[in-house]
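Survey of secondary and tertiary structure
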Amino acid sequence: MQPNELKKILSSGLLSFPVTDFDAEGNFRKSTYIERLEWLAPYGASALFAAGGTGEFFSLTANEYTDIIKTAVDTCAGQVPILAGVGGPTRVAAAYAKEAERVGAQGLLLLPHYLTEASQDGLIEHVAEVCKATKLGVVVYNRANCRLTPDSLAKLADRCPNLIGFKDGVGDIELMVSIWRKMGDRFSYLGGLPTAEVYAAAYKALGTPVYSSAVFNFMPKLAMDFYHAVASDNHAEQNRMLDEFFLPYLEIRNRKAGYAVSIVKAGARLAGHDAGPVRAPLTDLTAEECDMLHKLMLKQGAQ
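What counts and what doesn't
Residues numbered from 1 in each chain as written. Predicted model: local features only at pLDDT ≥ 70, side-chain atom pairs only at ≥ 80, totals over all residues. Heavy atoms only, no water. Helix = DSSP H or I, 4+ residues; strand = E, 2+ residues; numbered from the N terminus. Areas by Shrake-Rupley, 256 points an atom, 1.4 Å probe, with all protein chains shown as cover. Buried < 20%, exposed > 50% of the residue type's maximum accessible area, 1.4 Å probe, protein only. Contact = heavy atoms within 4.5 Å. Pairing = 2+ DSSP bridges. Right-handed = clockwise from strand over helix to strand, strands pointing away. Patch = residues over 30% accessible without salt bridge, like charges linked within 9 Å, V, L, I, M, F, W, Y side chains within 5 Å. Salt bridge = Lys/Arg side-chain N within 4 Å of Asp/Glu carboxyl O. Expected span 1.5 Å × (residues − 1).

Broken down by element type, the protein carries 12 helices and eight strands. Projected onto the principal axes, the alpha-carbon positions of the protein cover approximately 50 × 45 × 40 Å. With an accessible surface of roughly 12,600 Å², the protein has 52% of that area assigned to carbon and sulfur atoms.

In this section: the environment of Glu 101. For Glu 101, the position within the fold is in helix H4 (residues 90–102). Given a relative accessible area of 28%, Glu 101 falls into the partly exposed group. Measuring from C-alpha to C-alpha, the distance between Glu 101 and Arg 147 comes to 25 Å, with 46 residues separating the pair along the chain. Not counting chain neighbours up to four residues away, the residues in contact with Glu 101 comprise Ala 133, Thr 134, Lys 135 and Leu 136.

Okay, the pairing of strand S4 (residues 107–110) next. Across the two faces of S4 the burial is the same, with Gly 107 and Leu 109 and Leu 108 and Leu 110 all buried. The pairing of strand S3 (residues 82–86) with S4 spans four bridges and is classified as parallel. Within S4, the position partnered with Val 86 by the bridge is Leu 110. In the sheet, S4 pairs with strand S5 (residues 137–142) via four bridges, with the strands oriented parallel. When the sheet's bridge partners are listed, Leu 109 is paired in S5 with Val 139. Considered for its hand, the β-α-β crossover made up of S4, helix H5 (residues 120–132) and S5 is right-handed.

The next thing to look at is a nonpolar patch on the surface. On the surface, Phe 58, Tyr 114 and Leu 115 cluster together into a nonpolar patch covering about 350 Å² of accessible area. You can see Phe 58 is positioned in the loop between strand S2 (47–50) and helix H3 (62–76).

Next up on the list: H4. Taking 1.5 Å of rise per residue, 13 residues should cover 18 Å, and H4 covers 18 Å from first to last C-alpha, within 8% of that figure. Within H4, burial applies to Ala 93, Ala 94, Tyr 96, Ala 97, Glu 99 and Ala 100. Against the buried residues of H4 lie H3, S3, S4 and H5. Gly 104, located one to two residues past H4, shows a positive phi value of around 105°.

What follows is the structure, given as structure tokens:
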């Protein structure tokens, strides 16, 4: 898939990040991962991101990564594009980019590098080196240690024709307005804050109508209904779903750091699509918290 073609796909619709299936010992479980993708693909997401943050990229070995991306590509062929998460140290991220391209991914999401802070010049070189390693379209995730300024993005846009997307996980409205005014339609802009539905209407007003939904992993109908309510400016329906599901959901999610992933895996199990436990350093929800989540899910009806 050509970068501009991917950019067009990412400019509308709902995106999601499938969780990665592990067995009781924490090993990748391919059979149920395939079943998960087969279940989610027909619901209408514009693209799926394999081995992203919700897919616990940070915990995967290199061999697991290859297996996961190839499984996603093969399973969803002809149905929905697969973007692969890449990240870590610059040369490691570039190597993952090459591997994802080799096994057939249609695009890449460049996750933040780990541990060390960096200057804007350093971040530019990091992103540029990963883009140079592949012909695939790349979306950069603006979050944690990788926070790019409008000027940095302008420099990267000139150097990297295949950098086609900007995903924001910071929530800085001033920054987003500045980037949008400076870069216009050079990028596809994606809302990427945890539980993005809560921010979706505000981001649409900023010129960012596309976002990624973690809830799609276990409540795909609800996630799509909410997206359509945002797209049609149906504020009454948005507010109903926020009050009935998303805000109570946040109360559970916010109990512990890392629960943005853990609660999604809990929801998948409760929905009958068990993805197994999260890997350290994440921790699973308690039995009480799972019960609270289950009651919220049941109120939304069949998915």
